[in-house]
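Observations on the model geometry
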Amino acid sequence: MLLLNIESLSDSELKYMAEQEQIDGWEEMSREDLIESLEDVFEDSSDVSSSIFGKTRFVRSLTDVPPGSLSLPGVSPLPEVYNETCIYAVEKDANWAYAMWNIAPMKKEELLEAGSRLCLRVSSGDQFYDIDVDYEDSVWNFELPWPGKTYTVSLLSLTGNEEPVEEVLSTSKSVSSPSFYFKDHIKDLLDKDTFKLSFDSLFTKEGRLIKNEIVSYLFSEVLNKQEKGGRK
């Protein structure tokens, strides 16, 4: 699906749409008048199936437009695949990132003939974990489990069963998970008042710690320090 904003269109594109919708006087209209007239067409019409947008309502805000329904001059659809094997990573929040990738058609055919499997390898220094993916997949959310670290995600092919041969098809640029004060100041949490202030609201009524990687990390570090120091 294509997300489109009417105000992102050029004057010529707006006039083209107005002509297609048979709006009177479109040739002499200003940009604002064109936008307003087009909005009126789609907001007032109870049956828009005859328009160039099918049954899609076209408004100033982002609108879901079915592929193939938008026929603007000089606009051609994006290809479904590209002749390049690549992977990209984008941070979503403190704990998660988003990966998207493409495998060149000839490379994909080669891997399929070899019976190779695919996986994503999320790496940070000497730590890593793998995620199995299919050939039909092209996007994935992946976790950033170690706070304050830099990560890359690689698209790998695995050929064979007992000792599979790994081939790195592509590696993304790095993304980072943010650091935080207590990560480097665990000793501060050994103070009972500081610990109580920091953790009391993070327990449920049943006494369970909420599920959060950063909180779990801090809590485990505090317990380790207490055990080493002989505290209870």
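The preceding data block contains the structure.
Owing to the predicted nature of the structure, the values given are computational and were not obtained by experimental measurement.

Taken in spatial order, the three strands line up as β3-β4-β7 in an open sheet, and their pairing is antiparallel. What marks the edges here is a single partner per strand, and that holds for β3 (86–91) and β7 (139–143). Averaged over neighbouring strand pairs, the angle between their axes works out to 25° when direction is ignored. With five bridges connecting them, strand β4 (residues 96–102) and β7 associate as antiparallel partners. Across the sheet, residue Trp-96 finds its bridge partner in β7, namely Glu-143.

The full count for this structure, using the stated rule, is five salt bridges. With a closest N to O distance of 3.0 Å, Glu-167 and Lys-107 form a salt bridge. Highlighted residues: Glu-167 in strand β9 (residues 165–171) and Lys-107 in helix α3 (residues 105–113), separated in sequence by 60 residues. Given a relative accessible area of 18%, Lys-107 falls into the buried group. Where Glu-166 meets Arg-121, a salt bridge forms, and the shortest distance between an N and an O atom there is 3.0 Å. Of this pair, Glu-166 sits in strand β9 while Arg-121 is found in strand β5 (residues 117–124), placing the two residues 45 residues apart along the sequence.

What follows covers the nonpolar core. In summary, soluble globular proteins display a tendency toward joint burial of nonpolar side chains. Residues Trp-101, Leu-118, Leu-120, Phe-142, Val-153, Leu-155 and Val-175 are the most contacted members of the largest nonpolar core, which totals 20 residues. Put simply, the parts of the chain that give this core at least two residues each are β3, β4, β5, β6 (127–133) and β8 (150–159). Among residues more than four places away in sequence, those in contact with Trp-101 are Cys-86, Ile-87, Leu-120, Val-133, Asp-137, Ser-138, Val-139, Trp-140 and Leu-155. Ala-18, Trp-26, Leu-34 and Leu-38 belong to the second-largest nonpolar core, a separate cluster that totals eleven residues.

Within the sequence span of helix α1 (residues 11–20), burial applies to Glu-13, Leu-14, Met-17 and Ala-18. Projection of α1 onto a plane perpendicular to its axis shows the buried side chains occupying an angular sector of 140°, all on one side. The first or second residue beyond α1 is Gln-22, which carries a positive phi of 60°.

What follows is about the environment of Ser-157. In this structure, Ser-157 sits in strand β8. Along the sequence, Ser-157 and Leu-111 sit 46 residues apart, while their C-alpha atoms lie 7.6 Å from each other. Setting aside anything within four residues of it in sequence, one finds Ser-157 in contact with Leu-111, Ser-116, Arg-117, Leu-118, Val-165, Glu-166, Glu-167 and Leu-169.

Scoring rules and cut-offs
- Residues numbered from 1 in each chain as written.
- Predicted model: local features only at pLDDT ≥ 70, side-chain atom pairs only at ≥ 80, totals over all residues.
- Heavy atoms only, no water.
- Pairing = 2+ DSSP bridges.
- Helix = DSSP H or I, 4+ residues; strand = E, 2+ residues; numbered from the N terminus.
- Axes fitted to C-alpha atoms, helices over the stretch in contact; angles between N-to-C directions.
- Salt bridge = Lys/Arg side-chain N within 4 Å of Asp/Glu carboxyl O.
- Buried < 20%, exposed > 50% of the residue type's maximum accessible area, 1.4 Å probe, protein only.
- Core = buried A, V, L, I, M, F, W, Y, C linked by side-chain atoms within 4.5 Å.
- Contact = heavy atoms within 4.5 Å.
- Arc of directions from axis to C-beta.

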